[in-house]
Amino acid sequence: MPSSNLSAPADDAPAPAGPASAPGPAVAPDLTVVIPTFNERGNLQPLIARLHRVLAGLAWEAIFVDDNSPDGTADALRAIGRLDPRIRCLRRVGRRGLAGACIEGMLAAQAPVVAVMDADLQHDESLLPRMLEAMSQGAELVVATRYAPGGDADGFSGWRGLGSRLATRLAQRVLKVTSSDPMSGFFMLRRDSVEQLAPKLSTQGFKILLDILATSRGRLKVTELTYSFGVRQSGDSKLDNRVLMDFLGLIVAKATGGLVSLRFLSFATVGAAGLVVHLATLRVGLAFDLRFLVAQAIATVAAMTFNYVLNNVLTYRDRRLSGWAFLRGLLAFYLICGLGAAANVGVADWAFYQTERWWLAGIAGACIGAVWNYAMSRALVWKDAA
(Lines give C-alpha, C1' and ligand atoms only; values in the text may rest on other atoms or scores of the structure.)
Protein backbone atom coordinates (compact mmCIF):
# COMPACT_ATOMS: atom_id res chain seq x y z
CA MET A 1 0.00 0.00 0.00
CA PRO A 2 1.55 3.38 -0.91
CA SER A 3 2.39 5.61 2.01
CA SER A 4 0.25 8.39 0.57
CA ASN A 5 -2.81 6.34 1.61
CA LEU A 6 -1.77 6.47 5.27
CA SER A 7 -2.58 9.33 7.60
CA ALA A 8 0.11 10.69 9.90
CA PRO A 9 0.20 9.14 13.40
CA ALA A 10 -1.75 11.01 16.03
CA ASP A 11 1.37 11.86 18.05
CA ASP A 12 2.73 13.96 15.18
CA ALA A 13 5.45 11.46 14.31
CA PRO A 14 6.71 11.74 10.73
CA ALA A 15 4.87 9.44 8.37
CA PRO A 16 7.01 6.75 6.75
CA ALA A 17 8.46 7.88 3.45
CA GLY A 18 8.39 5.95 0.20
CA PRO A 19 7.68 2.23 0.49
CA ALA A 20 7.98 2.13 4.27
CA SER A 21 4.42 0.82 4.63
CA ALA A 22 5.00 -2.15 2.30
CA PRO A 23 7.67 -4.22 4.06
CA GLY A 24 7.10 -7.32 1.96
CA PRO A 25 7.39 -10.91 3.18
CA ALA A 26 8.89 -11.55 6.61
CA VAL A 27 12.39 -12.82 5.86
CA ALA A 28 15.58 -12.77 7.91
CA PRO A 29 17.62 -9.67 7.03
CA ASP A 30 20.99 -9.90 5.30
CA LEU A 31 22.01 -6.46 6.59
CA THR A 32 21.34 -4.55 9.79
CA VAL A 33 22.00 -0.80 9.79
CA VAL A 34 22.64 0.51 13.31
CA ILE A 35 21.95 4.23 13.72
CA PRO A 36 22.58 5.95 17.09
CA THR A 37 20.31 8.96 17.67
CA PHE A 38 19.90 11.88 20.01
CA ASN A 39 17.42 14.60 19.03
CA GLU A 40 17.29 13.44 15.41
CA ARG A 41 13.51 13.53 14.89
CA GLY A 42 13.78 15.92 11.96
CA ASN A 43 16.20 13.62 10.11
CA LEU A 44 14.23 10.38 10.39
CA GLN A 45 11.88 10.70 7.43
CA PRO A 46 14.51 11.66 4.83
CA LEU A 47 17.01 9.09 6.16
CA ILE A 48 14.54 6.21 6.08
CA ALA A 49 13.42 7.22 2.59
CA ARG A 50 17.06 7.14 1.47
CA LEU A 51 17.59 3.69 3.00
CA HIS A 52 14.54 2.35 1.16
CA ARG A 53 15.87 3.73 -2.08
CA VAL A 54 19.48 2.47 -1.88
CA LEU A 55 18.64 -0.91 -0.29
CA ALA A 56 15.74 -1.78 -2.62
CA GLY A 57 15.79 -5.50 -3.40
CA LEU A 58 17.81 -6.37 -0.27
CA ALA A 59 16.58 -7.93 2.96
CA TRP A 60 17.51 -5.37 5.62
CA GLU A 61 16.53 -3.83 8.91
CA ALA A 62 17.49 -0.58 10.67
CA ILE A 63 17.99 -0.38 14.43
CA PHE A 64 17.85 3.16 15.75
CA VAL A 65 19.45 3.31 19.22
CA ASP A 66 18.06 6.41 20.91
CA ASP A 67 19.53 7.88 24.09
CA ASN A 68 16.15 9.02 25.43
CA SER A 69 15.92 12.07 23.17
CA PRO A 70 13.71 14.83 24.61
CA ASP A 71 12.50 15.77 21.12
CA GLY A 72 10.43 12.59 20.74
CA THR A 73 12.78 10.73 18.40
CA ALA A 74 11.86 7.36 19.95
CA ASP A 75 8.11 8.03 19.69
CA ALA A 76 8.48 8.93 16.03
CA LEU A 77 10.49 5.76 15.35
CA ARG A 78 7.92 3.55 17.05
CA ALA A 79 5.17 5.11 14.94
CA ILE A 80 7.15 4.37 11.79
CA GLY A 81 7.95 0.86 13.02
CA ARG A 82 4.27 0.05 13.44
CA LEU A 83 3.94 0.46 9.67
CA ASP A 84 7.32 -0.97 8.70
CA PRO A 85 8.76 -3.75 10.91
CA ARG A 86 12.17 -3.22 9.35
CA ILE A 87 12.46 -0.07 11.45
CA ARG A 88 13.28 -0.88 15.07
CA CYS A 89 13.88 1.48 18.00
CA LEU A 90 16.03 0.63 21.00
CA ARG A 91 15.48 3.37 23.59
CA ARG A 92 18.15 3.67 26.28
CA VAL A 93 17.28 5.28 29.62
CA GLY A 94 20.00 6.35 32.05
CA ARG A 95 22.77 5.62 29.57
CA ARG A 96 24.48 8.00 27.16
CA GLY A 97 27.27 7.73 24.66
CA LEU A 98 27.68 6.90 21.01
CA ALA A 99 30.05 3.96 21.51
CA GLY A 100 27.72 2.19 23.93
CA ALA A 101 24.74 2.83 21.66
CA CYS A 102 26.57 1.32 18.69
CA ILE A 103 27.62 -1.75 20.66
CA GLU A 104 24.08 -2.39 21.95
CA GLY A 105 22.64 -1.92 18.49
CA MET A 106 25.14 -4.25 16.83
CA LEU A 107 24.53 -6.95 19.43
CA ALA A 108 20.77 -6.65 18.83
CA ALA A 109 21.19 -7.13 15.07
CA GLN A 110 19.46 -10.05 13.35
CA ALA A 111 21.60 -9.96 10.20
CA PRO A 112 25.03 -11.56 9.75
CA VAL A 113 26.41 -8.22 8.53
CA VAL A 114 26.09 -4.96 10.46
CA ALA A 115 26.65 -1.38 9.29
CA VAL A 116 26.97 1.65 11.57
CA MET A 117 26.15 5.16 10.39
CA ASP A 118 24.88 8.46 11.80
CA ALA A 119 21.35 9.82 11.52
CA ASP A 120 22.45 13.35 10.68
CA LEU A 121 22.53 12.73 6.89
CA GLN A 122 26.28 13.41 6.72
CA HIS A 123 27.09 9.83 5.76
CA ASP A 124 26.46 8.77 2.16
CA GLU A 125 23.96 5.92 2.45
CA SER A 126 24.38 5.11 -1.27
CA LEU A 127 27.71 3.51 -0.30
CA LEU A 128 25.96 0.72 1.65
CA PRO A 129 25.42 -1.68 -1.32
CA ARG A 130 29.09 -1.33 -2.31
CA MET A 131 30.15 -1.96 1.28
CA LEU A 132 27.97 -5.09 1.38
CA GLU A 133 29.47 -6.26 -1.92
CA ALA A 134 32.97 -5.81 -0.46
CA MET A 135 31.92 -7.96 2.50
CA SER A 136 30.71 -10.69 0.13
CA GLN A 137 34.12 -10.62 -1.54
CA GLY A 138 35.99 -11.41 1.66
CA ALA A 139 36.33 -8.17 3.59
CA GLU A 140 35.77 -8.46 7.35
CA LEU A 141 35.57 -4.72 8.01
CA VAL A 142 34.68 -2.05 5.47
CA VAL A 143 35.52 1.55 6.39
CA ALA A 144 33.91 4.50 4.63
CA THR A 145 36.84 6.91 4.56
CA ARG A 146 36.98 10.66 4.08
CA TYR A 147 40.75 10.90 3.89
CA ALA A 148 41.84 8.48 1.14
CA PRO A 149 42.16 9.83 -2.42
CA GLY A 150 38.64 10.38 -3.77
CA GLY A 151 37.06 11.19 -0.42
CA ASP A 152 36.58 14.52 1.32
CA ALA A 153 35.46 15.98 4.62
CA ASP A 154 34.04 19.29 3.41
CA GLY A 155 31.11 18.88 5.79
CA PHE A 156 33.41 19.65 8.71
CA SER A 157 33.89 23.16 10.02
CA GLY A 158 37.48 24.43 9.90
CA TRP A 159 38.41 23.68 13.51
CA ARG A 160 36.56 20.39 13.68
CA GLY A 161 38.18 19.23 10.45
CA LEU A 162 41.62 20.11 11.78
CA GLY A 163 40.89 18.31 15.03
CA SER A 164 39.70 15.21 13.18
CA ARG A 165 42.88 15.05 11.09
CA LEU A 166 45.13 15.55 14.13
CA ALA A 167 43.26 12.85 16.04
CA THR A 168 43.62 10.52 13.06
CA ARG A 169 47.39 11.05 12.93
CA LEU A 170 47.72 10.51 16.69
CA ALA A 171 45.69 7.29 16.58
CA GLN A 172 47.73 5.97 13.65
CA ARG A 173 51.04 6.68 15.36
CA VAL A 174 50.25 5.57 18.90
CA LEU A 175 47.96 2.60 18.24
CA LYS A 176 49.55 1.59 14.91
CA VAL A 177 46.23 1.35 13.08
CA THR A 178 46.63 1.48 9.30
CA SER A 179 43.19 2.76 8.29
CA SER A 180 43.21 6.16 6.59
CA ASP A 181 40.13 7.15 8.65
CA PRO A 182 40.04 5.32 12.02
CA MET A 183 37.79 8.09 13.38
CA SER A 184 35.05 7.34 10.84
CA GLY A 185 31.57 6.71 12.18
CA PHE A 186 30.52 4.90 9.00
CA PHE A 187 31.62 1.26 8.66
CA MET A 188 30.43 -2.32 8.19
CA LEU A 189 31.52 -5.64 9.72
CA ARG A 190 30.32 -9.14 10.41
CA ARG A 191 28.14 -9.72 13.44
CA ASP A 192 30.29 -12.64 14.63
CA SER A 193 33.22 -10.23 14.79
CA VAL A 194 31.10 -7.96 16.98
CA GLU A 195 30.35 -10.90 19.31
CA GLN A 196 34.06 -11.62 19.71
CA LEU A 197 35.15 -8.00 20.19
CA ALA A 198 32.27 -6.58 22.25
CA PRO A 199 33.51 -7.71 25.71
CA LYS A 200 36.76 -5.82 25.10
CA LEU A 201 35.24 -2.61 23.68
CA SER A 202 34.66 0.55 25.70
CA THR A 203 31.08 1.73 26.05
CA GLN A 204 32.28 5.28 26.71
CA GLY A 205 33.27 7.82 24.11
CA PHE A 206 32.59 8.27 20.43
CA LYS A 207 35.28 6.55 18.42
CA ILE A 208 33.92 3.03 18.26
CA LEU A 209 35.69 2.22 14.97
CA LEU A 210 39.07 3.19 16.45
CA ASP A 211 38.32 0.90 19.40
CA ILE A 212 37.43 -1.95 17.03
CA LEU A 213 40.61 -1.47 14.99
CA ALA A 214 42.83 -1.24 18.08
CA THR A 215 41.19 -4.19 19.82
CA SER A 216 41.31 -6.48 16.77
CA ARG A 217 45.05 -5.72 16.39
CA GLY A 218 45.13 -6.17 12.63
CA ARG A 219 43.30 -9.50 12.61
CA LEU A 220 40.42 -8.17 10.52
CA LYS A 221 40.75 -7.87 6.76
CA VAL A 222 39.95 -4.20 6.15
CA THR A 223 38.68 -2.66 2.91
CA GLU A 224 38.20 1.10 2.48
CA LEU A 225 35.72 2.93 0.24
CA THR A 226 35.80 6.69 -0.17
CA TYR A 227 32.88 9.07 0.20
CA SER A 228 32.14 12.77 0.66
CA PHE A 229 31.21 13.77 4.20
CA GLY A 230 28.06 15.90 4.08
CA VAL A 231 26.70 18.79 6.14
CA ARG A 232 24.47 18.14 9.17
CA GLN A 233 20.84 18.91 8.33
CA SER A 234 19.24 19.04 11.80
CA GLY A 235 19.47 17.53 15.27
CA ASP A 236 22.25 17.76 17.84
CA SER A 237 25.87 16.86 17.36
CA LYS A 238 26.94 14.02 19.67
CA LEU A 239 30.27 15.71 20.30
CA ASP A 240 30.15 17.40 23.68
CA ASN A 241 32.50 18.50 26.46
CA ARG A 242 33.77 14.95 26.96
CA VAL A 243 34.91 14.18 23.44
CA LEU A 244 38.57 15.16 23.89
CA MET A 245 38.86 13.34 27.22
CA ASP A 246 37.12 10.29 25.75
CA PHE A 247 39.48 10.19 22.79
CA LEU A 248 42.66 10.62 24.84
CA GLY A 249 41.36 8.12 27.39
CA LEU A 250 40.76 5.55 24.66
CA ILE A 251 44.28 6.11 23.31
CA VAL A 252 45.81 5.60 26.78
CA ALA A 253 43.60 2.59 27.56
CA LYS A 254 44.51 0.79 24.33
CA ALA A 255 48.18 1.80 24.48
CA THR A 256 48.45 0.31 28.00
CA GLY A 257 46.61 -2.85 27.08
CA GLY A 258 43.63 -1.87 29.20
CA LEU A 259 45.74 -1.37 32.35
CA VAL A 260 44.45 2.20 32.60
CA SER A 261 40.75 2.46 31.75
CA LEU A 262 39.14 5.46 30.12
CA ARG A 263 36.91 6.02 33.12
CA PHE A 264 39.78 5.82 35.62
CA LEU A 265 41.77 8.31 33.57
CA SER A 266 38.82 10.71 33.66
CA PHE A 267 38.43 10.15 37.43
CA ALA A 268 42.14 10.83 38.00
CA THR A 269 42.05 13.95 35.83
CA VAL A 270 39.13 15.29 37.84
CA GLY A 271 41.09 14.47 41.00
CA ALA A 272 44.03 16.51 39.74
CA ALA A 273 41.70 19.46 39.09
CA GLY A 274 40.29 18.96 42.59
CA LEU A 275 43.78 19.31 44.04
CA VAL A 276 44.02 22.75 42.45
CA VAL A 277 40.65 23.67 43.98
CA HIS A 278 41.86 22.39 47.36
CA LEU A 279 45.05 24.45 47.32
CA ALA A 280 43.24 27.58 46.09
CA THR A 281 40.58 27.28 48.79
CA LEU A 282 43.22 26.66 51.44
CA ARG A 283 45.13 29.75 50.35
CA VAL A 284 41.99 31.89 50.49
CA GLY A 285 41.12 30.56 53.95
CA LEU A 286 44.57 31.36 55.29
CA ALA A 287 44.37 34.83 53.73
CA PHE A 288 41.28 35.42 55.89
CA ASP A 289 43.31 34.45 58.98
CA LEU A 290 41.53 31.16 59.55
CA ARG A 291 43.37 28.57 61.60
CA PHE A 292 45.14 26.08 59.36
CA LEU A 293 43.02 23.16 60.60
CA VAL A 294 39.80 25.05 59.83
CA ALA A 295 41.04 26.22 56.41
CA GLN A 296 42.22 22.71 55.59
CA ALA A 297 38.83 21.23 56.52
CA ILE A 298 36.98 23.76 54.36
CA ALA A 299 39.37 23.15 51.46
CA THR A 300 38.92 19.40 51.77
CA VAL A 301 35.12 19.61 51.64
CA ALA A 302 35.30 22.08 48.74
CA ALA A 303 37.61 19.78 46.76
CA MET A 304 35.50 16.69 47.44
CA THR A 305 32.34 18.54 46.40
CA PHE A 306 34.04 19.80 43.24
CA ASN A 307 35.28 16.30 42.38
CA TYR A 308 31.86 14.77 42.96
CA VAL A 309 30.02 17.28 40.77
CA LEU A 310 32.56 17.07 37.95
CA ASN A 311 32.69 13.27 38.04
CA ASN A 312 28.89 13.19 37.94
CA VAL A 313 28.91 15.42 34.84
CA LEU A 314 31.91 13.92 33.04
CA THR A 315 33.30 10.62 34.30
CA TYR A 316 29.90 9.08 35.04
CA ARG A 317 27.79 11.03 32.60
CA ASP A 318 26.10 7.82 31.45
CA ARG A 319 25.09 7.10 35.08
CA ARG A 320 24.50 10.70 36.12
CA LEU A 321 22.71 11.12 39.45
CA SER A 322 20.00 13.70 40.04
CA GLY A 323 17.50 14.72 42.71
CA TRP A 324 17.72 12.83 46.00
CA ALA A 325 20.07 10.30 44.43
CA PHE A 326 22.52 13.16 43.82
CA LEU A 327 22.46 14.13 47.52
CA ARG A 328 22.78 10.53 48.72
CA GLY A 329 25.67 10.04 46.33
CA LEU A 330 27.39 13.18 47.63
CA LEU A 331 27.23 11.95 51.23
CA ALA A 332 28.56 8.54 50.19
CA PHE A 333 31.33 10.24 48.23
CA TYR A 334 32.34 12.27 51.31
CA LEU A 335 32.59 9.06 53.33
CA ILE A 336 34.53 7.19 50.66
CA CYS A 337 37.02 10.04 50.15
CA GLY A 338 37.45 10.38 53.92
CA LEU A 339 38.41 6.72 54.18
CA GLY A 340 40.57 7.15 51.08
CA ALA A 341 42.45 9.97 52.77
CA ALA A 342 43.07 7.72 55.79
CA ALA A 343 44.40 5.00 53.47
CA ASN A 344 46.57 7.59 51.73
CA VAL A 345 48.16 8.72 54.98
CA GLY A 346 48.60 5.18 56.30
CA VAL A 347 50.28 3.85 53.15
CA ALA A 348 52.45 6.96 52.81
CA ASP A 349 53.60 6.66 56.43
CA TRP A 350 54.46 2.98 55.95
CA ALA A 351 56.30 3.67 52.69
CA PHE A 352 58.31 6.49 54.26
CA TYR A 353 59.25 4.25 57.18
CA GLN A 354 60.42 1.55 54.75
CA THR A 355 62.26 3.72 52.23
CA GLU A 356 62.86 7.12 53.87
CA ARG A 357 62.06 8.67 50.49
CA TRP A 358 59.35 11.28 51.02
CA TRP A 359 58.47 11.63 47.34
CA LEU A 360 58.04 7.87 46.88
CA ALA A 361 55.91 7.69 50.01
CA GLY A 362 53.76 10.58 48.77
CA ILE A 363 53.21 8.96 45.37
CA ALA A 364 52.37 5.59 46.94
CA GLY A 365 49.82 7.17 49.26
CA ALA A 366 48.25 9.20 46.48
CA CYS A 367 47.96 6.15 44.20
CA ILE A 368 46.33 4.02 46.90
CA GLY A 369 43.93 6.84 47.75
CA ALA A 370 43.01 7.37 44.09
CA VAL A 371 42.42 3.66 43.43
CA TRP A 372 40.34 3.34 46.61
CA ASN A 373 38.21 6.36 45.77
CA TYR A 374 37.66 5.18 42.21
CA ALA A 375 36.82 1.57 43.08
CA MET A 376 34.49 2.40 45.95
CA SER A 377 32.79 5.28 44.11
CA ARG A 378 32.12 3.03 41.16
CA ALA A 379 30.70 0.32 43.42
CA LEU A 380 28.69 2.46 45.85
CA VAL A 381 27.93 5.84 44.26
CA TRP A 382 27.67 5.40 40.49
CA LYS A 383 26.57 1.78 40.47
CA ASP A 384 26.50 -0.31 37.31
CA ALA A 385 22.74 -0.61 37.62
CA ALA A 386 22.22 3.16 37.94
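Just above, that's the structure.
Residues numbered from 1 in each chain as written. Predicted model: local features only at pLDDT ≥ 70, side-chain atom pairs only at ≥ 80, totals over all residues. Heavy atoms only, no water.

A. Representation of the nonpolar core in the model. Counting residues in each nonpolar core, the largest one holds 35 residues, and the members touching the most others are Leu-31, Ile-35, Leu-51, Phe-64, Leu-128 and Met-188. Contributions of two or more residues to this core are made by strand 1 (31-37), helix 1 (41-54), strand 2 (60-66), helix 2 (73-83), strand 4 (113-116), helix 4 (128-136) and strand 5 (141-145). If you look at the next biggest cluster of nonpolar residues, it comprises 33 residues, including Ile-103, Ala-167, Leu-201 and Ile-208. (Core = buried A, V, L, I, M, F, W, Y, C linked by side-chain atoms within 4.5 Å. Buried < 20%, exposed > 50% of the residue type's maximum accessible area, 1.4 Å probe, protein only. Helix = DSSP H or I, 4+ residues; strand = E, 2+ residues; numbered from the N terminus.)

B. Summary view of the sheet that holds strand 3 (residues 87-91). With mixed pairing, 7 strands are arranged side by side in an open sheet as 3-2-1-4-6-5-7. The sheet is open, and its two borders are formed by strand 3 and strand 7 (222-226), each paired with just one other strand. Between one strand axis and the next, the sheet turns through 20 degrees on average, direction left out of account. Judged from the 5 bridges that link them, strand 2 and strand 3 form a sheet pairing that is parallel. Within strand 3, the position partnered with Phe-64 by the bridge is Cys-89. Where helix 1 meets the sheet, its contacts fall on strand 1, strand 2 and strand 3, and the angle it forms with strand 2 comes to roughly 155 degrees. Together, strand 1, strand 2, strand 3, strand 4 and strand 6 (187-190) form the strand contacts of helix 3 (residues 98-107), whose direction differs from that of strand 1 by roughly 155 degrees. (Pairing = 2+ DSSP bridges. Axes fitted to C-alpha atoms, helices over the stretch in contact; angles between N-to-C directions. Contact = heavy atoms within 4.5 Å.)

C. Region of the structure containing unusual backbone geometry. Backbone geometry at Leu-121 places phi at a positive 70 degrees, although glycine is not the residue there. As for its position among the elements, Leu-121 is in the loop between strand 4 and helix 4. Although it is not a glycine, Arg-217 sits at a positive phi angle of roughly 50 degrees.

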